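Listed below are the residues making up each chain.
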Amino acid sequence: QVQLAESGGGSVQPGGSLKLSCAASGAVFSIFDMGWYRQVPGKQRELVASITSERRTNYAESVNGRFTISRDNAKNTVYLQMNSLKPEDTAAYFCNARFRAVDRWGQGTQVTVSS
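**Student:** Even after reading the chapter, I still don't get a nonpolar patch on the surface, so can you show me in this structure?
**Tutor:** Where nonpolar side chains cluster on the molecular surface, the patch consists of Val28, Ile31 and Phe99 and spans about 240 Å² of accessible area. Along the chain, the position of Phe99 falls in strand 9 (residues 91-99). Overall, the relative accessible area of 32% leaves Phe99 in the partly exposed class.

**Student:** Looking at this model, I keep getting lost on the sheet that holds strand 7 (residues 67-72). Mind explaining?
**Tutor:** Sheet strands pair via backbone hydrogen bonds, and the direction of the pair is either parallel or antiparallel. The antiparallel open sheet is built from four strands, whose spatial order is 1-3-8-7. Strand pairing shows two members of the sheet lacking a second neighbour, strand 1 (3-7) and strand 7, which therefore form its edges. With direction set aside, neighbouring strand axes in the sheet form an average angle of 15°. As defined by bridge partners, strand 1 adjoins strand 3 (residues 18-25) across five bridges and the pair is classed as antiparallel. In the sheet register, Glu6 faces strand 3, and the bridge partner there is Cys22.

**Student:** How should the pairing of strand 3 be read in this particular structure?
**Tutor:** The side chains of a regular strand alternate, residue by residue, between the two faces of the sheet. Sheet topology places strand 3 next to strand 8 (residues 77-82); six bridges connect them, and they run antiparallel. By the bridge assignment for strand 8, Lys19 is matched with Gln81.

**Student:** Before we go on, may I ask you to explain the pattern of salt bridges in this structure?
**Tutor:** Any two side chains of opposite charge can pair if their charged atoms end up close together. Tallying each qualifying case throughout the model produces five salt bridges. Among the ionic pairs, Arg38 bridges to Glu46, the shortest N-O distance being 2.7 Å. Its relative accessible area of 37% is what places Glu46 among the partly exposed residues. In this structure, Asp89 and Arg38 form a salt bridge, with 3.0 Å as the shortest nitrogen-oxygen distance. Highlighted residues: Asp89 in the loop between strand 8 and strand 9 and Arg38 in strand 4 (residues 33-39), separated in sequence by 51 residues. Across the pair, exposure class does not vary: Asp89 and Arg38 are buried alike. One network of salt bridges, in which partners are shared, links Arg38, Glu46, Arg66 and Asp89.

**Student:** Just checking my understanding: could you explain the state of the cysteines for this structure?
**Tutor:** Each disulfide consists of one covalent bond between the sulfur atoms belonging to two cysteines. Across all of its chains, the model carries one disulfide by this definition. Each sulfur of the disulfide joining Cys22 and Cys95 lies 2.1 Å from the other. Around the S-S axis, the bridge from Cys22 to Cys95 shows a dihedral of about -85° and counts as left-handed. Linking Cys22 in strand 3 with Cys95 in strand 9, this pair joins segments that are 73 residues apart in sequence. Neither residue differs from the other here; Cys22 and Cys95 are each classed as buried.

Quick notes on the rules
- Residues numbered from 1 in each chain as written.
- Predicted model: local features only at pLDDT ≥ 70, side-chain atom pairs only at ≥ 80, totals over all residues.
- Heavy atoms only, no water.
- Patch = residues over 30% accessible without salt bridge, like charges linked within 9 Å, V, L, I, M, F, W, Y side chains within 5 Å.
- Areas by Shrake-Rupley, 256 points an atom, 1.4 Å probe, with all protein chains shown as cover.
- Salt bridge = Lys/Arg side-chain N within 4 Å of Asp/Glu carboxyl O.
- Helix = DSSP H or I, 4+ residues; strand = E, 2+ residues; numbered from the N terminus.
- Buried < 20%, exposed > 50% of the residue type's maximum accessible area, 1.4 Å probe, protein only.
- Pairing = 2+ DSSP bridges.
- Axes fitted to C-alpha atoms, helices over the stretch in contact; angles between N-to-C directions.
- Disulfide = S-S within 2.5 Å.

Given below as structure tokens:
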């Protein structure tokens, strides 16, 4: 089974940037479709960005043009570069790995955007 470990969260002022990383282990990383989701208390977890095993990307409308997802299969890592951060981006961010409709999740990393 794949294990996922997120890092890179923290506190930043509006307009700032953060880069999240998700390191995978325990499986062949390149076969997985990877995604970043976020969740705030009381709301459903929502997709932020995804990248398939063939590197096709998809973004939520709210982050399109500000966030970039990428993957480095040699390092078994997926990244989320977040620019022009807004207070409404504040959430716990979770890494997801999907293969044949089976999901695996990381523990999450908190991102707080506040002045």
